[in-house]
Structures are given as structure tokens and as C-alpha cells.
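Single-letter residue listing:
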Amino acid sequence: MSEIKTVGVLTSGGDAPGMNPAIRAVVRRAIYHGMAVKGIKRGYNGLIEDDIVDMNLRSVSEIIHRGGTILYTARSKEFMTEEGQNKAVETCRRHGIDALIVIGGDGSFRGCRALAAKGIKCIGIPGTIDNDIACSDYTIGYDTALNTAMEMIDKLRDTTQSHERCSVVEVMGRHSGYLAINTGIATGALCILIPEKSFNVERDILSRMRETQAQGKKNFLILVAEGVGQVFKIAEEIQSKTGIETRATVLGHVQRGGSPSLRDRVMASQMAVKAVELLSNDKYNRIIGMKYDRIVDFDIEDALSMEKELDPHLIEVAKVISI
Ligand code: F6P
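A short tour of the structure in this document, coming up. All values reported here derive from a predicted model rather than from experimental measurement. (Residues numbered from 1 in each chain as written. Predicted model: local features only at pLDDT ≥ 70, side-chain atom pairs only at ≥ 80, totals over all residues. Heavy atoms only, no water.)

### What about the site of the ligand?
Taken together, the neighbourhood of the ligand is formed by R75, T128, I129, D130, M172, G173, R174, E226, H253 and R256. A distance of 3.1 Å separates an oxygen atom of the ligand from a polar atom in the backbone of G173. The contact in question runs from an oxygen atom of the ligand to an N or O atom on the side chain of E226, over 2.8 Å. Out of a free accessible area of 400 Å², the ligand has 76% covered by protein chains. Tallied by class, residues from the shell around the ligand come to two nonpolar, three polar and five charged. Residues lining the shell around the ligand come from more than one domain, with at least three contributed by each of domain 1 (6-141 + 260-305) and domain 2 (144-256). (Near = heavy atom within 4 Å. Polar contact = N/O pair within 3.5 Å; in protein donor to acceptor, adjacent residues only side chain to side chain. Areas by Shrake-Rupley, 256 points an atom, 1.4 Å probe, with all protein chains shown as cover. Nonpolar A, V, L, I, M, F, W, Y, C, P; charged D, E, K, R; others polar. Domains from an automatic or database assignment.)

### What about helix α3 (residues 82-95)?
Here α3 contains 14 residues, and its C-alpha end-to-end distance of 20 Å stays within 8% of the 20 Å for a straight helix at 1.5 Å per residue. By the burial criterion, the buried members of α3 are G84, Q85, A88, V89, T91 and C92. One side of α3 carries all its buried residues, which in axial view fall inside an arc of 160°. Every exposed residue of α3 that faces more than 90 degrees away from the buried side is listed here: E83, R93 and R94. Contacts from the buried residues of α3 go to α2 (44-48), β3 (52-55), β4 (99-104) and α4 (106-117). Of the residues one or two after α3, G96 is the one with positive phi, at around 70°. (Helix = DSSP H or I, 4+ residues; strand = E, 2+ residues; numbered from the N terminus. Expected span 1.5 Å × (residues − 1). Buried < 20%, exposed > 50% of the residue type's maximum accessible area, 1.4 Å probe, protein only. Arc of directions from axis to C-beta. Contact = heavy atoms within 4.5 Å.)

### Side note on the nonpolar core
Grouped together as the largest cluster of nonpolar side chains are 59 residues, with contacts concentrated most on I101, I125 and L223. Inspection of this core shows a minimum of three residues originating in each of domain 1 (6-141 + 260-305) and domain 2 (144-256). With residues up to four places along the chain from it excluded, the contact list for I125 reads V26, I101, V102, I103, G104, F109, I140, M271, A272, A275 and I288. (Core = buried A, V, L, I, M, F, W, Y, C linked by side-chain atoms within 4.5 Å.)

### Here's the deal with the environment of D302
Tracing the backbone through its elements, the reader meets D302 in helix α10 (residues 300-305). Note: C-alpha distance between D302 and I287 (15 residues apart in sequence) is 9.1 Å.

### Re the side chain of S76
Positionally, S76 belongs in the loop between β3 and α3. Within the local environment of S76, its side chain forms a polar contact with the side chain of N45, the two groups lying 2.6 Å apart. A polar atom in the side chain of S76 sits 3.1 Å from the backbone nitrogen of F79. When neighbours within four sequence positions are excluded, S76 is seen to be in contact with Y44, N45 and I48.

### Quick look at the sheet that holds strand β2 (residues 36-40)
The seven strands lie next to each other as β3-β2-β1-β4-β5-β10-β11, forming an open sheet whose pairing is mixed. Every interior strand has two partners, whereas the edge strands, β3 and β11 (294-299), have only one. Across the sheet, the mean angle from the axis of one strand to that of its neighbour is 25°, orientation sign disregarded. Pairing of strand β1 (residues 6-11) with β2 involves four bridges; the strand directions are parallel. Counted as the bridge partner of G8 is K38 from β2. Across the sheet, helix α1 (residues 19-32) touches β1, β2, β3, β4 and β5 (121-126), and the angle it forms with β4 is around 160°. (Pairing = 2+ DSSP bridges. Axes fitted to C-alpha atoms, helices over the stretch in contact; angles between N-to-C directions.)

See below:
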């Protein structure tokens, strides 16, 4: 029998489609192992403010297909302070929470590290649309966000084509270009600007537009990652230097919503079950990941010190077929 009798679960940072299936799987697997489960509301804020509910098998019914997170989420400023963390530890002790499962991104995992240092056992599950967690090839929410962005850009293409315009589109991703490079390839963008690679407007956009225009191209799609930004400035420059009518669109938070895709539901379920299995074997202070299609886990400290490189092959593919 595991020494863990009560497990707390929370979602933290930006929400991601698939967080609900992850919560569902944590609750169901933990109950299977005889553990009690406490749902912590609004990320680490719920620990600071003692906003905690008991969860049972039925608390997670009818959520597998729902976007967002039934536990709500937050980026807790107070939890970044020593005082906030101490309050969180006291709340865990008061509720008899032996271990925490945290679904979120890098910032949330730094929270796990802080709590682990104060004696609270933690497991992190990567949940963010950005796919920017170094210890994992995949993060929950990424697939749904990719498809949402792709569908919206397909719609933009229609109007861009009808008006023979140029569209400059910003997709999310914080400091990472995963969403941009993949949606750019999938929607046939002429140029994809990502934070991982420096760019020059004349060389990477204008000259390619002129070159393809000479070959008969009449509408243009320029994908810009959030980490590059400046879509309105870039659009103005394109219009003033090429004479082609140009519009800028920021897709924004709609990319974080929607019913999770099959891949996100399955991945979330697998990662969450793995998190509970670790606890049931008295293993903790680990971050779950997916590597080469296998669910794996790493020490928190190791996971946070890893780096992730955008696949250079994807960058090459985007370049050679965007003409
Ligand atoms: O991490 C997910 C994400 O959507 C990023 O792509 C984006 O930079 C950020 O969150 C936006 O955060 P907020 O919802 O706080 O504006």
C-alpha cells in the first residue's frame, strides 16, 4: 500500500484543452488506488486561500469533452513569494494532502519545485498549448490549439484570396515557435516568423512576395509567432513597400478554447494515470513527459534544466514548399 492517502489536484497557468480529461483520469485512478482526492481551485491560489473541494468518481463525469478546466486556473503572484508558499504548505497539511498533482507549464513546475523543497510531494503534468516543455515532446492542449488555429487561418485564407490581399497572422506560443511553424506548414503560409530564428523583412518577406508575385501568386499569408509579434507594424511595412493591400490578424485566446481533440484526451488520460501510478509506487517530485511516443518521467530539477530545440527539419520543410 502506498504511503499517500490523499492527493490534491490543480490546474495552473494558461488553460489548455485536455486539462479536464487529465483531472478526470487523476481522480479516477487515484480512487482506484484507494486515495482520497481534493480538487484545488484556481491553481496555487486555491492552496493560499483554502479553496478546496472533495472529489469523487462523479465529480468528473461529463467533462472529458469540455475545454477549459473545471478547477479554474490562475497565474498566482502570491505563490511566488515565500509567504505564499508557506501558506500553501500549511493548507496541504491542514487538509491532509500528502501529494499534489499539478497540471500546467514551466511556471507551474517551478511551483512544484518550491513545494517539494518544503516537503510536499509533487508530480507535474505538462499542460499548455505552447508545447514548450523541454522534458516532453508533447504537451496537453497543443493538438487542439493547432487545429483551432489552422481552421481559423483557413477561413482567413478565403477572404485573403477573394480580395487578392496579404494577411499577416499572429498565433500564440509565448517564446516558442511550435504553434507557428506547424500551422504555417498546414495552411501553406509563404513566410513563417518564429522567435527561434532571426529574420529580415526585406529578405524573408518582401523579396519572397515579389518573387512569387512574378510567378503569378496573388494572395499571401505570413505567419508570425507571438514571440516575434509586431504584426501590425509588419503589415504596414508590407503594404507600403509592395503596394499589396495587407491586413493583420491576431488570433488570440480563442486558440486556448474548444473541445479537446482525440489526441489531447488520450494523452491527458495517459499522462494523468502515469502521475497517479508514480505516487502509488511512492515515487514523487517528478515531471511527466512524452518521449518518442512513450510516457516517461523526470526528476523536477532535471526537467527544469532541460532545453528544447525546434525541429530544424520542420523549418526546412516550411521553407522549401512555401513558394
Ligand atoms: O501559455 C499559454 C499562453 O496562451 C501563451 O501562448 C500566451 O503567451 C499566454 O498564455 C497568454 O497568457 P494570458 O492568458 O495570461 O494572457
